[in-house]
Each structure stands twice: as C-alpha cells, then as structure tokens.
Amino acid sequence: MKRFIQHQELARDSRFIRQDNTLSTAISELPDDVDTVVEVFEAFDPMIEKATRGTSAEPLYEEYGPSFALVALNDPLKPTDKAVKTRLMMRMHGIFVGELQALEGAGRSLWDFPDAPWEFKMNMARQCWDEARHVQIFEKLLDHVGAKPGMYPESTFLFECACSDDPAMRVAGVNRGLEGLACDVFRDMIRYAEEVGDEKMKQAIDFVLADELTHVRFGSEWVREFTKGDPDHYERAQEFRRRVDKQFSFGGSRSDRDDAAIPIATEVRREAGFTDQELEELSMLSAGGPSRETVKAAARILRERHKAKRAGDGASA
Amino acid sequence: MSEATRMYPGIGRDERTSFAPYSAFDIPEDLRELHGRYDVASTAKRVRNFRYTHEWMTMMMGGWLATIPELPVKTGLGKIIWESAVAADELGKRLPELRAGRNVATASQPANQGYADLIQEIASPESPDRTIEKLTGLFDVLMPHLIDVYEVTMRETDQICDAPTIELLDDATRKLRRHVAWGKEVLDRLCDTDDERERRTNRRREISEMLQACGGVCGDA
Ligand SMILES: [Fe+2]
Ligand SMILES: [Fe+2]
C-alpha cells in the first residue's frame, strides 16, 4: 500500500456524489463584492448543476440557481427560518461527510508516518475509533432530521486541504484546522438543538464535541513535538494551519463576525490548547469575505438570471 | 527488636502467629508447578513478535479506511484499530518487566524477514474494489493464527512466573475472537457470488502459504 493518497482516491459507495473541490476553494477566497460573487458563481454554474443532478439539492438548484449553497452556508441556522429543515439536512450531511474524511485522515496518519513515535500512533488509533463512532452517530442524526447519506453532493475539500505529507503540518491541518472547525460547528449545532429543544441531538453532539476537543489537543501537542528544536519547522506548520483556517472559514461563514453562520467556539478551543494569540489570528483571518448583505444581493441577481435562463430554455424548446 | 518498634505479631524471629497454614476456610492447595517452555529472554522475544504484528495491523487498517467504499466496513474497522493498538501498547509495557529495555523503537520485531514480507503482503491490497483481499488476509488468516499461537503460549508458559503475559494475551485473544467473528460475517456478506468466493479462497491460500513458509508470528511453527 502506497503512502500519501489524494482526495480523489477516497472510496465511497454508489449513494455518494462527488462535487469538485474548486468551488469550495473559490468560496473560501470570495471578496466582499457583489459583482465578483456573481461572476464566480456563474462560472461554476454548469459544475454545480451537474453535481446536484439526482440529489435532493436538485429542486433547490432549480428554484434558486447556483447560489443556493452559498445562501445555505452563509445564514445562521434559525428555527424560524422557513427553509430551516432543508438547511438543517444540508448542514447535517456536510458534517457527516466531514466526519468520514476526519476518519480517513486519522487512518492515513497511522499509515503515512510509520516511523512516528508510538504515542502518536496510539492517539491516531484512538481518533480512528472516535471518528468511526462519529460517522455512526451522524448517520443516525441524518435519519433523525429526515436526511440520508448521499442526499447532497460531497466535497472532499476538508481532506484535500488538511492532509499534508509532513507530519507536523498534517496534525496542524487535520487536528487543529479541521477538528477546530468541527468544534465551532458542533458548538453551534448544540445551540440550535437547545433552541428547538431537541435533547437527542444535543446530547449526542455534546459527546462528539468532547471527543473533538481531545483530537484538537492531540494536534496541539504533536505540532510541538514534531517540530521540537526546529523553530523554522514550527513556523511552517503554523503557517499551514493559518492557510487551512482561512480556507475553512468559507468566506467568513465561520468567523467572529456578527453575521457569521458559525461563530468561533473560543472557550472550547482555548480548552483544547489554542493560545490567545492563535485565537486572535483566527478571528482576524476568518473575518474577510462577503458580508451577508453582499451574499443576499448576489444571490438575488443569480436567482433572477437563473430564472430568466430557464424561461429562455423553455421558450426555445 | 525492641518492644517500642514492634508493629504486629509475627515480625520477630522467634515469634509465631496463631494462624494455621490452612484455616477453616479450606483453601485449596496450589497444584501448579514451576515449569514453562519459555525463559525470560525467549518470552521477551515472543512479546516483541506479537507487538510487531499488532502495531502493523493497526497501521494497515488505518491506511485502508480511505480506500474501502463499504461504509459499515469503514466504521467497523475503527474500533478494531483502537483495540489492536491497545494490545500493542500492553505488550510493549510488558517488555521492561522482562528485562527487555524501555526503548520503544526496539519493542516491535518480526521473527524473520519472511514474516515481515508477509505483513507487507497482507497490507498491500489498495484499490477500492479489493476489500475482499484486504479483509481475508487479516481476518481469515493472520488473526486466527495469532489466536492459535496465543493459546499455545498461554498454555505452555510458566503459569506462575509468567502470569502477567498470560493475562494480557488472554485479553488480546478475547478481542481477536470478536474481530475474527466480525470479519467472517462481513466477508460472508461481501462474497455472495462464486467469483467473489473464489477470490476469498485464493487470497486465503496465498497468505496461508506465506505464513507457513516463514514459520508464523514467532518463526517456530
Ligand atoms: Fe469527529
Ligand atoms: Fe475529530
């Protein structure tokens, strides 16, 4: 078995539909400018249409055009939102495939670094069991909210960004970048579960969050250990994590901004070994990207153009 | 010994306590004998061989997770990976107790090159259409072999002197049995055509032959 695989090699059964990661990359780099957001999404329109075909996102695409994912991603999850059920299912599905990729990332860390210290292997083996349980938990929670695996396209962006070939960067990317994002998302899901009084969801995700904190802690410890006595290497690992954090902020959707869909779980992250300086950095680098107003304006234009195009298709047919 | 420092009866040279060797509880006599097939050094060698296997099983299953498309297999392996790592860890902790040093880097050793090659061969199936080959080598051949060897070791080692090794092998064997049962169930389901059953049979034969040729986990079978 070779060492180091590409995200395209992640194996899935026939229920899953893969979405090209270039869209996630583009979203993570969007500026706060309506015209640019519209331009980017129009360029990706054919790809988005193809990825949604045959999935539960197809009617959403038909109704809202290529920006439906952007709207779903950028708005906070509110029980009063009229599209809350769909958005909850989409988010739950995103978490489910994220857990799958975290499981695969932890597993690859066991195989890719055969000379790593034994304690590292123990930590990664533990994480494999935890992530496997998380996949099982979110499979049940998907069912709980009326969704199922493969219902929406999967982007393997998380695995692609986080899985470096350097062990210090791998743990910086997977265990601090990806797992840190998981802490933010789960804190927000617990907030949502509390608001709607969903005890089952709240308790299950609270257990998962406790595990994720442990995984971030593994990352905090192993970045230091793998770079011991080599400040240059440490700085490169930190820089890699910053880049991953920027990518996983999805244009400010996950940030400290007032209009963020997913706020940064500062307390949880501090407990998991993030320093105040790192948290400040995260707050700064995640704040960029389009504001909610920009997203809404762009989504309106994209929807109108989409409707006009559909009407045109209908007329010419 | 002065009266002042005396702690309890029985501590002085000429004292006797009033306790009979076997009391009214009728404690059965220990019939075990001081006898075992392995001395300290050869026990340490076997523990290193066992640990090598568990460490590599942990690593190869971790590597496979990403290239296995069947979701219940991916998630089912998670716990087995952890339990295999725990077994390797426990075996490693036994080594300093056997005067075999505290250096983790030398804690895992294959019995011979043939066995090291076998482990790499078991790990080698890679593509997503080879779940049958991945699981067969490990769950149909290697793990049942480990169970056999652990049972022989537990039976033949010194029951009193080497009891800590027996304890940890007993634990590992119990878990291995569960893993083998899981693997068998999964493979039975995965192999539901003649063609797939033949793939399993062929893989089993191939790995069994290699295992026999190298003498197994301790190189002495
Ligand atoms: Fe997780
Ligand atoms: Fe995790």
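We now turn to the structure provided with this report. Please read these numbers as outputs of a predicted model, since none were measured by experiment.

Residue and element names in this part refer to chain A. Here the iron ion (ligand 2) is held by E131 (OE), E179 (OE), E179 (OE), E212 (OE) and H215 (ND1), and the distances to it run 1.9 to 2.6 Å. Look at where the donors of the iron ion (ligand 2) fall in the sequence and you get E-x47-E-x32-E-x2-H. If you look at the iron ion (ligand 2) and the iron ion (ligand 1), they sit 3.2 Å from each other and are both ligated by E131. Separated by 84 residues along the polypeptide, E131 in helix α6 (residues 118-144) and H215 in helix α9 (residues 199-226) bring together distant segments of the chain. Residue E131 shares its accessibility class with H215, and that shared class is buried.

This brings us to the packing of aromatic side chains. One pass over the full model with this rule turns up 14 aromatic pairs over all chains. Aromatic pair F120 of chain A and W222 of chain A: ring centres 5.4 Å apart, planes at 75°, arrangement edge-to-face. With F120 of chain A in helix α6 and W222 of chain A in helix α9, this residue pair connects regions lying 102 residues apart in the sequence. When its relative accessible area of 0% is taken as the criterion, F120 of chain A is described as buried. Connected via pairs of aromatic rings, a cluster forms that spans W111 of chain A together with Y52, W56 and Y115 of chain B. Positioned above the aromatic ring of F16 of chain A, the side-chain terminus of R12 of chain A is 5.9 Å from the ring centre. Residue placement shows R51 of chain B over the ring face of W118 of chain A; its charged tip is 4.5 Å from the ring centre.

Counting from both sides, the interface comprises 31 residues of chain B and, opposite them, 30 residues of chain A. Broken down residue by residue, the surface that chain B buries against chain A is led by M59, L71 and W82 of chain B, which jointly contribute 25%. On inspection of chain B and its partner chain A, the count reaches two salt bridges. The shortest N-O distance in the salt bridge between E104 of chain A and K74 of chain B comes to 2.6 Å. At the junction of chain B and chain A, the tally comes to eight residue pairs in polar contact (both at pLDDT 80 or more). When residues in the side of chain B that touches chain A are grouped by element, the largest group, 11 residues, is from helix α2 (residues 71-97) of chain B.

Time to look at the packing of α6 of chain A against helix α8 (residues 167-196) of chain A. Residue and element names in this part refer to chain A. Viewed as axis vectors pointing N to C, α6 and α8 meet at an angle of 35°, and their least axial separation amounts to 14 Å. α6 and α8 meet at a crossing whose hand is left-handed. On α8, the residues that touch F120, M124, Q127, E131 and F138 of α6 are V171, V174, N175, E179 and F186. When its residues are assigned to classes, the contact of α6 with α8 shows six nonpolar, two polar and two charged.

In this section: the coordination of the iron ion (ligand 1). Each pair of donors in an ideal four-coordinate tetrahedral metal site encloses 109.5 degrees, whereas pairs in an ideal six-coordinate octahedral site enclose 90 or 180 degrees. The coordination sphere of the iron ion (ligand 1), as far as protein atoms go, consists of E99 of chain A (OE), E99 of chain A (OE), E131 of chain A (OE), H134 of chain A (ND1) and E212 of chain A (OE), spread over 2.0 to 2.8 Å. Owing to a relative accessible area of 0%, H134 of chain A belongs among the buried residues under this scheme.

Turning to the side chain of T67 of chain B, a few remarks are in order. You can see T67 of chain B is positioned in the loop between α1 (40-64) and α2. Sequence-distant contacts of T67 of chain B, that is, excluding residues within four places in its chain, are made with E9 and A11 of chain A together with E126, S127, P128 and K134 of chain B.

Parameters at a glance
- Residues numbered from 1 in each chain as written.
- Chains lettered and ligands numbered in written order.
- Predicted model: local features only at pLDDT ≥ 70, side-chain atom pairs only at ≥ 80, totals over all residues.
- Heavy atoms only, no water.
- Donors = N, O, S within 2.8 Å, 3.2 Å for Na, K, Ca; no water.
- Helix = DSSP H or I, 4+ residues; strand = E, 2+ residues; numbered from the N terminus.
- Buried < 20%, exposed > 50% of the residue type's maximum accessible area, 1.4 Å probe, protein only.
- Phe/Tyr/Trp six-rings, centres within 6.5 Å; stacked < 30°, edge-to-face > 60°.
- Lys NZ or Arg CZ within 6 Å of the ring centre and 35° of its normal.
- Contact = heavy atoms within 4.5 Å.
- Buried area = accessible area lost by both parts, 1.4 Å probe.
- Salt bridge = Lys/Arg side-chain N within 4 Å of Asp/Glu carboxyl O.
- Polar contact = N/O pair within 3.5 Å; in protein donor to acceptor, adjacent residues only side chain to side chain.
- Axes fitted to C-alpha atoms, helices over the stretch in contact; angles between N-to-C directions.
- Left-handed = near helix turned anticlockwise from the far one by under 90°.
- Nonpolar A, V, L, I, M, F, W, Y, C, P; charged D, E, K, R; others polar.

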